[in-house]
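Inside the fold
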Amino acid sequence: MTTIEKEWAERVRAAAAARTPLCLRGGGSKGFYGGPLAGEPFELCANRGVVAHEPTELVVTVRGGTPLAELEELLAEKGQYLAFEPPHFGPGATVGGCVASGLSGPRRANAGALRDFMLGIKLLDGRGEVLRFGGQVMKNVAGYDLSRLVAGSLGTLGILLEVSLKVLPRPVAEATLRFELDEASALRRVNELGGQPLPVSATLWQDGVLHLRLSGAEAAVQAAGARLGGEALAPAAAQALWTAVREQTLPGFAVEEGGVLWRLSLPSTAPALGLPGRQLVEWGGAQRWLAGAVEAQAVRARATELGGHAVAFRGGDRAAGVFQPLAAPLAVVHRRLKQAFDPAGIFNPGRLYPEF
Amino acid sequence: MMLENEALAFGETEGDFSAVDKARVVEALGKVLPPGTLMYDAEDLRPYECDGLAAYRALPLVVALPTTEEQVVAVLRICHELGVPVVARGAGTGLSGGALPHTRGVLLSLARFNRILKLDPLARTAVAQPGVRNLAISEAAAPYGLYYAPDPSSQIACSIGGNVSENAGGVHCLKYGLTVHNLLRVRGVTIEGEIVEIGSGALDSPGYDLLALVTGSEGMLVVLTEVTVKLVPKPQLAQCVLAAFDDVVRAGEAVAKIIAAGIIPAGLEMMDQPATAAVEEFVRAGYPLDAKAILLCESDGTPEEVAEEIARVRAVLEESGATEIRVSRDEAERLRFWAGRKAAFPAAGRISPDYYCMDGTIPRKRLGEMLTAIQDMEGKYGLRCMNVFHAGDGNLHPLILFDANQPDELERAEEFGAEILELSVALGGTITGEHGVGLEKINQMCAQFTTAEVRQFFRVKAAFDPPGLLNPGKAIPTLNRCAEYGRMRVSKGHVPYPDIPRF
């Protein structure tokens, strides 16, 4: 164990004994997300640095407090990247926070989500024990897949000391195409394209315009571009667009005072929402953003009806619950899992669900 | 049952099921299962005594063959009430003894859950019952230009439920992922008889990622009744490069160079000389027999993409010292290249009365060390070994050849295998890449995980299965077992797990 790990393990044991809630904090870039922050602040940025990067193994192992930007820079030097295109939402974003929030960017529907790139973790649990699950290899079915379980758990299961992620070579070529299409036609179009062997790597529909990004081998991107038509964006404009989508700096994501930015995760073929508010559609139809002052009950009911779920992503009454409530048998499993990792209930209480 | 005392947490000792009363179990199950779906005479139980790991055999108390989810619920409720172990089984092709029956338990076969319930070509999803064969899904999707990507070599026979339970891979998973990457939803029943829906038609779900947790959980958490998978478009073209090397280590280095060049091939496989010789005799794939190792590297995509990638792969292979390079000229030749690789296991069975397949995964850069060590072990144990690898992802399948009718050959094969697995861990890898722990590799789990980690696995199991009735004794070793195993293999002068009670 490193000095920091020893020190933190002691602090966790003391907090568990005293039942002192801890509010885990990396760069603080995603404090807006999930239930309200509660507990004694526990700063995680000091535990930083790259433990190992073997470009030919397609694996990187880093400490949780490592700035996400630093990791991305290191990978870029070797022509690699995090294919799930994680959002930063602030200059201080850390890798630990990235994994704990479990968020993925525009490439998700095609390249996979953050959880798909999780290979292993070193975790400090609520007993102050340092546990390793998974590893640094691509295929590993020894023991339950607890590294993926921790991805997106919002710090409720423990402190991420280290994570091992699969990395990929950066695509050689990219192009972005623009089409004028209404919502229903755009939804049909992106789903039809999804069934064809084309190098689509992101989609965005907003205000009657569909943007498609293509990524891959030079020849493949060129051939697909020629076949699909549309209006090609200049490379700089295209890059700015997808960064703005990933970081939600596009005006469509803005919420007025008292409004909520809803994220609806739905089957890609789900029809138009038919709810009031501004909308952006990503992930080939599978992720829809709705900004406005819509009644929470109405949004959740519509998401359920369409076969998915809704998250109050930004704004609104966080204490009332940000995530869709769980079915009873799954809620029981969740409480038992929380208990298994954090018996004293000290890590980020209420951040995922008000009950734990 | 949940224990209050943390010090006596789960996983110390194996459950004791000696009090299970067969007559009572038969009577209770007979009330909820239709005639002909409950078997309890020894001769009817015999076909279920083992899975694909035939060296391990046991007769279950009874075999239940439910046909509906209601029957599964009823069977599990009864087992929960009577405290009877339940082992779920799909096609029984698993290679780690995961579906080995429990002698005091119910073997729950899902063979009759064999229908594809829905296929949605626009959404690119298929909903299948767990007993549906892997290949049947791709066949049903083919008219729409779609397929289900994970393709374990046993795909003609293995079931999708089993694939989920083992997180099955295949020869194309470097590019297309494992089962966990191609799954959207499962529906299942807990030991308490509760129906759970994990995942949906959407790409993610609220709460913890239980879909990932259930994938690869080896029937320890929940019994599956439905699986929703993603379908992906069939590439327009696939082409395969066959490269020969006069040195195994050089072939391994070529693999690393391909990856380093920024290429993610659709498949990247390696076979050593004993393996190519064995399959060549069997399927006549046209492999060069004088090569110490061959690589198969597949490229797929649009014709332009494939041409570009094949040219890059060829350049890397030439630079890496390949003695011969062939590119498949048509689909028939491509399939012939693969036929040899996919026939490696049956070919081993043809040249040896028995074989034992290992499944360790190591960082690719340690491949040379591993191969040299395996060669030494062949001498040490007096047994031959042929090697096939999913080289792209470092997953090794050494096939240890032995004859169970010869005294102590099985024991030597097992020890040989155990040494390979423990070396996999020591080289920074894992004891199993895709076949699962089952019963076969349960002792080696003690080498890979600490006491605290093993305890945590038991707690996670208890979150789904508090009484520990689903597939007991598999996948995760009890601490008592690890202590016993450690006693036999005292390493570096100290005993692992010193703090727990012994037998």
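Figured I'd write up the structure that's included with this text. Everything numeric in this text was worked out from a predicted model, so none of it was measured.

**Considering helix α9 (residues 273-283) of chain B**
All buried positions along α9(B) are accounted for by B:Ala275, B:Thr276, B:Ala278, B:Val279 and B:Glu280. Two residues or fewer past α9(B), B:Arg284 is found with a positive phi of approximately 50 degrees.

**Considerations on the nonpolar core**
All names here are of chain B. Ranked by size, the top nonpolar core spans 174 residues in total, and within it Leu210, Leu213, Met270 and Leu317 carry the most contacts. Contacts of Met270, omitting those with residues within four sequence positions, involve Val248, Ala251, Gly252, Ala293, Ile294, Leu295, Leu367, Leu371, Asn387, Val388, Phe389 and Ala391. Among the nonpolar cores identified, the runner-up in size contains 28 residues, and Ala28, Val73, Val106 and Leu469 belong to it.

**Digging into the sheet that holds strand β1 (residues 38-39) of chain B**
Residues and elements named next belong to chain B. The sheet built from 4 strands is open, its strands ordered β1-β2-β4-β3 with mixed pairing. Strands at the two margins of the open sheet, each flanked by one partner only, are β1 and β3 (86-89). Where strand β2 (residues 62-64) meets strand β4 (residues 106-109), 3 bridges bridge the pair, whose relative direction is parallel. In the sheet register, Val63 faces β4, and the bridge partner there is Leu107. Sheet contacts for helix α3 (residues 69-82): β3 and β4; angle to β4, the most-contacted strand, approximately 165 degrees.

**Some details on the packing of aromatic side chains**
In the structure shown here, the tally under the stated rule is 19 aromatic pairs over all chains. Note on A:Phe32 and A:Phe89: the rings are 5.5 Å apart at their centroids and 80 degrees apart in plane angle, and the pair reads as edge-to-face. Taken as a pair, A:Phe32 in the loop between β1 (22-25) and β2 (40-43) and A:Phe89 in the loop between β5 (80-81) and α3 (95-101) lie far apart in primary sequence, 57 residues in all. Between the aromatic rings of A:Tyr33 and A:Phe323, the centroid separation amounts to 5.7 Å while the plane-to-plane angle is 90 degrees, which identifies the pairing as edge-to-face. Taken together, the residues A:Tyr33 in the loop between β1 and β2 and A:Phe323 in the loop between β17 (309-315) and α10 (328-341) connect sequence positions 290 residues apart. With respect to burial, A:Tyr33 and A:Phe323 carry one shared label: buried. Among the aromatic residues, those joined into a cluster by ring pairs are A:Phe32, A:Tyr33, A:Phe89, A:Phe253, A:Trp289, A:Phe313, A:Phe323, A:Tyr353, A:Phe356 and B:Tyr208. A cation sits over an aromatic face here: A:Arg108 above A:Trp283, 5.7 Å from the ring centre. The ring of A:Phe89 has A:Arg314 lying over it, and the distance from NZ or CZ to the ring centre is 5.0 Å.

**Quick look at the state of the cysteines**
All names here are of chain B. If you walk through the whole model with that rule in mind, you get 1 disulfide over all chains. Here Cys446 is linked by a disulfide to Cys482, with a sulfur-sulfur distance of 2.1 Å. Taking the sign of the S-S torsion, about -85 degrees here, the bridge from Cys446 to Cys482 comes out left-handed. Taken together, the residues span a long stretch of sequence, with Cys446 in helix α15 (residues 442-448) and Cys482 in helix α17 (residues 479-488) at a distance of 36 residues. Side by side, Cys446 and Cys482 carry an identical accessibility label, which is buried.

**Regarding the interface of chain A and chain B**
Tallying the contact residues gives 73 residues for chain A and 86 residues for chain B. Of the roughly 6,300 Å² buried where chain A meets chain B, counting both sides, 62% is carbon and sulfur surface. Of all residues in chain A, the largest losses of buried area upon contact with chain B belong to A:Lys139, A:Val141 and A:Tyr144, amounting jointly to 15% of the total for that side. At the boundary of chain A and chain B, one finds 6 salt bridges.

**Some thoughts on the pairing of strand β4 (residues 59-63) of chain A**
All names here are of chain A. Along β4, 4 of the 5 residues are buried, which leaves the element largely enclosed by surrounding structure. Bridging between strand β3 (residues 50-54) and β4 involves 4 bridges; their strand directions are antiparallel. Each residue of the ladder has a partner; that of Val50, found in β4, is Val62. Count of turn residues in the β3/β4 antiparallel hairpin: 4 residues, of which Leu58 carries a positive phi of about 60 degrees. Inspection of the sheet shows β4 paired to strand β8 (residues 159-166) by 5 bridges, in the antiparallel sense. Within β8, the residue paired with Val62 across the bridge is Val163.

**So, the environment of B:Val306**
Relative to the helices and strands, B:Val306 resides in helix α10 (residues 303-319). When near neighbours in sequence (up to four residues on either side) are disregarded, B:Val306 contacts B:Leu237, B:Gln239, B:Ser299, B:Asp300 and B:Gly301.

**Description of helix α16 (residues 451-464) of chain B**
When the terminal C-alpha atoms of α16(B) are compared, their 21 Å separation across 14 residues agrees well with the 20 Å that a helix rising 1.5 Å per residue should span. Of all 14 residues in α16(B), 14 are buried, a share of seventy percent or more.

**Topic: the packing of α9(B) against helix α12 (residues 344-351) of chain B**
The packing of two helices is summarised by the inter-axis angle and the distance between the axes. Residue and element names in this part refer to chain B. Following both chains from N to C, one finds α9 and α12 inclined at 90 degrees, their axes separated by 9 Å at the closest point. One finds that α9 runs roughly perpendicular with respect to α12. Of the residues in α12, those touching α9 at Ala278, Val279, Glu281 and Phe282 are Ala344, Pro346, Ala347, Arg350 and Ile351. Grouping the constituent residues of the contact of α9 with α12 by class yields 7 nonpolar, no polar and 2 charged.

Rules behind the numbers
- Residues numbered from 1 in each chain as written.
- Chains lettered and ligands numbered in written order.
- Predicted model: local features only at pLDDT ≥ 70, side-chain atom pairs only at ≥ 80, totals over all residues.
- Heavy atoms only, no water.
- Buried < 20%, exposed > 50% of the residue type's maximum accessible area, 1.4 Å probe, protein only.
- Helix = DSSP H or I, 4+ residues; strand = E, 2+ residues; numbered from the N terminus.
- Core = buried A, V, L, I, M, F, W, Y, C linked by side-chain atoms within 4.5 Å.
- Contact = heavy atoms within 4.5 Å.
- Pairing = 2+ DSSP bridges.
- Axes fitted to C-alpha atoms, helices over the stretch in contact; angles between N-to-C directions.
- Phe/Tyr/Trp six-rings, centres within 6.5 Å; stacked < 30°, edge-to-face > 60°.
- Lys NZ or Arg CZ within 6 Å of the ring centre and 35° of its normal.
- Disulfide = S-S within 2.5 Å.
- Buried area = accessible area lost by both parts, 1.4 Å probe.
- Salt bridge = Lys/Arg side-chain N within 4 Å of Asp/Glu carboxyl O.
- Expected span 1.5 Å × (residues − 1).
- Parallel < 35°, antiparallel > 145°, perpendicular 65-115°, else oblique.
- Nonpolar A, V, L, I, M, F, W, Y, C, P; charged D, E, K, R; others polar.

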